[in-house]
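If you want the building blocks of each chain, they are given just below.
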Amino acid sequence: MKKRILAAILAGAMVLSLAGCGKASTGDNGQGGAGKTTTLKLAFNQSENHPQYKALAELSKELKEATNGAYEIEISPNELLGSQKDAFELVQNGTIQMAMVANSIVENVNSDFAVLGLPYAYDSIEHQKKVFTSGILDDIFTSTTANKFNVLAAFTAGSRCVYTDKPITKPEDLAGYKIRVMEAPTSIAMLNAMGGVATPMAQGEVYTAIQQGIINGGENNEITYADLKHYEVAPFFSYTRHLMIPDLLVINADTLSGMSEENQKILKDLCKEYTNREFELWNEQIETAIETAKAGGATFTEVDITPFQEAVQPVIADVVGKSENAKALYDQIRALAE
Ligand code: GCU
């Protein structure tokens, strides 16, 4: 894995130096079609089939056109540049320029982000869309420059649900069950509160860990469940819908500030537009994912979420109680619910 990551980064460095822009922070050539194209390397941990990949590929094409060839984005899918945690560090230190990472990864450097990924924070996909497009996240997204990155957009990743070797319809069903969660304190506290044993690890390791009995299952959305064929090793998917955690499109802070004002605006506007587009692509693909998983032997079970909602209340109170900012943001999110 490490070798694969290094090879990919070296190949990327060659692309950058061939393009005459060896450093992420090298400024904007602003010369339109006549200038050289700066390639922004973007790490993505899922496949080319994923709605986020499709949205980002479209965005990249438009960015190149709109900046007259000054910028393009090169997406490396399938954890080629490492797990989300590794990729996020590469963005912060400027080795690569962009990444799509789960909100939980960002929560580790700024705990206010935990609010965006609280269990049951969003009532529906429509509610989440309102939150992501309302502008209430603008401040938190630009608050991270000191940590060497900025957030350009929040993309939906649907609702996460538990999957294992039996249906889970109440917290007691999870007793003693080791369930993989994303690598962040809120995810760990949440799954433990839901009755299971939280086991943090990178997404790329989950299939084998379930297969080898190191864990009993995972929690994710239907698209990732199908795409990574987790149904083969954990065929019971239970609609706990406990988490609608966003994925965040992050960019190295120097790369962003090195762009001309005009190109920054183009990029930011495109990110707003593609936040909506990705919701569309997500909704289009979800049924296919469910059908694929069913054809592969998966069983989907509806669940009364009330006991799970009750179980995670202390986790919500803890995160919201951490700062004034956290409380204010949570209230703003909830105020947009129907
Ligand atoms: C989802 C999410 C990813 C995340 C993954 C995970 O697929 O979109 O950003 O990496 O879950 O569970 O790690």
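Throughout, a residue's number is its position along its own chain's written sequence, starting from 1. Local features are withheld for residues below a pLDDT of 70 in this predicted model, meaning they are given only at 70 or higher, and side-chain atom pairs are given and counted only at 80 or more; totals for whole chains, interfaces and linings count all residues. To obtain the side-chain values, all non-hydrogen atoms of the structure were included, while hydrogens and water were left out.

## Description of the pattern of salt bridges
A side chain with one charge may pair with a side chain of the opposite charge, provided their charged atoms come close. As a reminder of what qualifies: Take a side-chain nitrogen of Lys or Arg and a carboxyl oxygen of Asp or Glu: if they are within 4 Å of each other, that pair is a salt bridge. Burial classes follow relative accessibility: with a 1.4 Å probe on protein chains only, a residue under 20% of its type's maximum area counts as buried, one over 50% as exposed, and anything between as partly exposed.
Using the criterion set out here, one finds 11 salt bridges in the structure. When the shortest N-O distance is used, the salt bridge between K64 and E72 registers 3.1 Å. Here K64 falls in the partly exposed class, since its relative accessible area comes to 36%. By relative accessible area, which is 22% here, E72 ends up partly exposed. Between K170 and D173 there is a salt bridge whose closest N-O contact spans 2.9 Å. Judged by relative accessible area, K170 falls into the partly exposed class, the value being 37%. In the salt-bridge network here, residues are joined through shared partners; they are E58, R277 and E280.

## Things to note about the packing of aromatic side chains
Quick note on the threshold: Stacked, tilted and edge-to-face are the three classes applied to pairs of Phe, Tyr and Trp rings, where Trp contributes its six-membered ring and a pair requires centres within 6.5 Å; stacked means planes under 30 degrees apart, edge-to-face means over 60, and tilted covers the rest.
Within the structure shown, the criterion is met by 12 aromatic pairs. Taking the centre distance of 6.3 Å and the plane angle of 45 degrees together, the rings of F44 and Y53 count as tilted. For the pair F44 and Y53, one class covers both residues: buried.

## Details of the site of the ligand
Applicable threshold: Residues are labelled near a given molecule or strand when at least one of their non-hydrogen atoms is within 4 Å of it. Whenever two N or O atoms come within 3.5 Å, that pair is a polar contact, provided that in protein one can donate a hydrogen and the other can accept it, and provided that, for residues adjacent in sequence, both atoms are side-chain atoms. All accessible-area figures derive from a Shrake-Rupley calculation using a 1.4 Å probe, and residue coverage is judged against the displayed protein chains alone. Charged means Asp, Glu, Lys or Arg here, nonpolar means Ala, Val, Leu, Ile, Met, Phe, Trp, Tyr, Cys or Pro, and polar covers whatever is left, Gly included.
Near the ligand lie 13 residues; those nearest to it are Q84, R180, Q203, T224 and D247. Taking R160, its side chain carries an N or O atom lying 2.8 Å from an oxygen atom of the ligand. Within the contact set of the ligand, an oxygen atom lies 2.7 Å away from a side-chain nitrogen or oxygen of T224. Compared with its free state, where it exposes 310 Å², the ligand has 98% of that area covered by protein. Across the shell around the ligand, the residue classes break down as three nonpolar, seven polar and three charged.

## Focus on the sheet that holds strand 9 (residues 236-243)
Which entries qualify depends on this criterion: We treat two strands as partners when DSSP finds at least two bridges between them. Note on conventions: DSSP H or I runs of at least 4 residues are helices, E runs of at least 2 residues are strands, and numbering of each starts at the N terminus. Orientation is described by lines fitted to C-alpha atoms, with helices fitted over the stretch in contact, and by angles between N-to-C directions that extend from 0 to 180 degrees.
Spatial strand order, 8-5-9-11: four strands in an open sheet with mixed pairing. The sheet terminates laterally at strand 8 (218-220) and strand 11 (299-302), the two strands that pair on one side only. Going across the sheet, the axis of each strand differs from the next one's by a mean of 35 degrees, ignoring polarity. Across four bridges, the pairing between strand 9 and strand 11 is parallel. Following the sheet pairing, Y239 is matched in strand 11 by E302.

## Topic: the pairing of strand 9
The buried fraction of strand 9 is high, at six of eight residues. Where strand 5 (residues 160-164) meets strand 9, four bridges bridge the pair, whose relative direction is antiparallel. From the neighbouring strand, R160 faces strand 9, where its bridge partner is L243.

## With respect to the sheet that holds strand 10 (residues 247-252)
The following threshold applies: Working rule for contacts: check all heavy atoms of both residues, and any pair within 4.5 Å makes them a contact.
Strand order in the open sheet made by the five strands is 2-1-3-10-4, with mixed pairing throughout. Each edge of the open sheet carries a strand with a single partner, namely strand 2 (71-76) and strand 4 (149-155). Along the sheet, successive strands turn relative to each other by an average axial angle of 25 degrees, direction set aside. Relative to strand 2, strand 1 (residues 38-43) runs parallel, the two being bridged by six bridges. Each residue of the ladder has a partner; that of T38, found in strand 2, is Y71. Helix 2 (residues 51-66) contacts strand 1, strand 2, strand 3 (98-102), strand 4 and strand 10 of the sheet and is inclined by roughly 160 degrees relative to strand 2.

## Re unusual backbone geometry
Unlike most non-glycine residues, N68 shows phi in positive territory, near 50 degrees. Mapped onto the elements of the fold, N68 is located in the loop between helix 2 and strand 2. Positive phi outside glycine occurs at R241, with the angle close to 40 degrees. The topology assignment puts R241 in strand 9.

Geometric descriptors of this kind do not, in isolation, establish any biological role.
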